[in-house]
Amino acid sequence: MINSTRLTLRPLIESDWSFIQTLVNQPDFIEHIGDKKVSNKASALAYLENGPMLSQKQFGFSLLAMELASGEVIGMCGLLQRDNLDAPDLGYAILTEYYRQGYTLEAAQAVLAHFSNIPVIYGLTSKTNNSSINLLKKLGFSQLSQPLTDQPDTSFFKLTR
C-alpha cells in the first residue's frame, strides 16, 4: 500500500469489479484509452485477474486502486509493463466526478516516489488528451520526438532519474 495526503493506493481486488466496470465504460476512458469490453461482472473480473492482479504477481507493480479515507475507490494509478516497452509506464484513470481536484497528480506523485528505484518510466497518452499531457509534464516527464510503438495517435513521454 502507498499512502498520500488524501489517498490510499492499494492493489485492485475482485471486489473492485463494479468500480472497474463503471470506470472503463466512461466516455473519456473509451476515447483516450480504449474500449476494454467490460460489460458485466464476469468481464470486469477477467479484466482485473488478467491485468492488474496478474501484473502485481509478475512484476511487483500494477495499477492500484485510488481509495479515499471513506473507502470509496475513485480511480486507479500505477505502473504497467507492456510487452513492447523496455521499462514500465505510468497509467492512471479516474471517475469523471473527481476530475480536476488534484487526485490523479497526488496519486501519480506517490507512485513515482514509491518506485523511485526504477530509473526509467514512460508515459503514454492519446494526442488529444491535453489533461494527461499536462499531468505528465507536471510530473517531470519529457515528450519524446520518436514514438516508442506504432501507435500514431499516441504521445510518448519519458521520465529518467
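One can find the structure itself at the top, above this paragraph.
Computed from a predicted structure; not experimentally measured. (Residues numbered from 1 in each chain as written. Predicted model: local features only at pLDDT ≥ 70, side-chain atom pairs only at ≥ 80, totals over all residues. Heavy atoms only, no water.)

Enquirer: In this structure, what is going on with the sheet that holds strand 2 (residues 8–11)? I would like to understand it.
Expert: Sheet strands associate in pairs through backbone hydrogen bonding, adopting either a parallel or an antiparallel arrangement. The sheet built from eight strands is open, its strands ordered 1-2-3-4-5-6-8-7 with mixed pairing. Strands with a single pairing partner mark the edges of an open sheet, and in this sheet they are strand 1 (2–3) and strand 7 (142–143). Both strand 2 and strand 3 (residues 63–67) contribute to a ladder of four bridges, which runs antiparallel. The residue of strand 3 that forms the bridge with Arg 10 is Ala 65. In the packing of helix 6 (residues 130–138) onto the sheet, contacts are made with strand 5 (89–94), strand 6 (120–126), strand 7 and strand 8 (154–160), and the angle to strand 6 comes to roughly 160°. (Pairing = 2+ DSSP bridges. Helix = DSSP H or I, 4+ residues; strand = E, 2+ residues; numbered from the N terminus. Contact = heavy atoms within 4.5 Å. Axes fitted to C-alpha atoms, helices over the stretch in contact; angles between N-to-C directions.)

Enquirer: I'm lost on the pattern of salt bridges in this one. Help?
Expert: Side-chain pairs of opposite charge can arise where the charged atoms are in close proximity. According to the stated counting rule, one finds five salt bridges in the structure shown. Between Arg 6 and Glu 106 there is a salt bridge, with its nearest N and O atoms 2.7 Å apart. Taken together, the residues span a long stretch of sequence, with Arg 6 in the loop between strand 1 and strand 2 and Glu 106 in helix 5 (residues 103–114) at a distance of 100 residues. The partly exposed category is assigned to Arg 6, whose relative accessible area is 33%. The partner of Asp 16 in a salt bridge is Arg 10, and the shortest N-O contact between them spans 2.8 Å. (Salt bridge = Lys/Arg side-chain N within 4 Å of Asp/Glu carboxyl O. Buried < 20%, exposed > 50% of the residue type's maximum accessible area, 1.4 Å probe, protein only.)

Enquirer: Got a minute to help me understand the pairing of strand 6 in this structure?
Expert: Taken residue by residue, a regular strand's side chains alternate between the two faces of the sheet. Burial analysis of strand 6 places seven of its seven residues in the buried class, which makes it a mostly covered element. Residue alternation in strand 6 divides its side chains into two sets, Val 120, Tyr 122, Leu 124 and Ser 126 and Ile 121, Gly 123 and Thr 125, and both sets are buried. Of the crossover connections in this fold, the one passing from strand 5 over helix 5 to the parallel strand 6 is right-handed. In terms of strand pairing, strand 6 meets strand 8 through seven bridges, oriented antiparallel. Paired with Val 120 across the strands is Thr 160, a residue of strand 8. (Right-handed = clockwise from strand over helix to strand, strands pointing away.)

Enquirer: Just checking my understanding: could you explain the packing of aromatic side chains for this structure?
Expert: How two aromatic rings sit relative to each other is set out by the distance from centre to centre and by the angle between their planes. On inspection of all chains with the given rule, the structure shows three aromatic pairs. Arranged with centres 6.1 Å apart and planes meeting at 80°, the rings of Phe 61 and Phe 115 form a pair that is edge-to-face. One end of the pair, Phe 61, is in the loop between helix 4 (52–59) and strand 3; the other, Phe 115, is in the loop between helix 5 and strand 6, with 54 residues separating them in the sequence. Assigned by exposure class, Phe 61 and Phe 115 land together as buried. Between the aromatic rings of Tyr 98 and Tyr 103, the centroid separation amounts to 5.9 Å while the plane-to-plane angle is 75°, which identifies the pairing as edge-to-face. The two residues Tyr 98 and Tyr 103 agree in class, both being buried. (Phe/Tyr/Trp six-rings, centres within 6.5 Å; stacked < 30°, edge-to-face > 60°.)

Enquirer: Is there a simple way to explain the nonpolar core in this structure?
Expert: Side chains that are nonpolar tend, in soluble globular proteins, to be buried together. Ranked by size, the top nonpolar core spans 46 residues in total, and within it Leu 9, Met 66, Cys 77, Leu 90 and Phe 141 carry the most contacts. Looking at this core, the elements with two or more residues in it are helix 1 (17–24), helix 3 (41–50), strand 3, strand 4 (73–80), strand 5, helix 5, helix 6 and strand 8. Ranked by the residues each element gives to this core, the list is headed by helix 5, at six residues. Leave out the neighbours within four places in its chain, and Cys 77 touches Leu 9, Ser 62, Leu 63, Leu 64, Met 66, Leu 90, Gly 91, Tyr 92, Ala 107, Ala 108 and Val 111. (Core = buried A, V, L, I, M, F, W, Y, C linked by side-chain atoms within 4.5 Å.)

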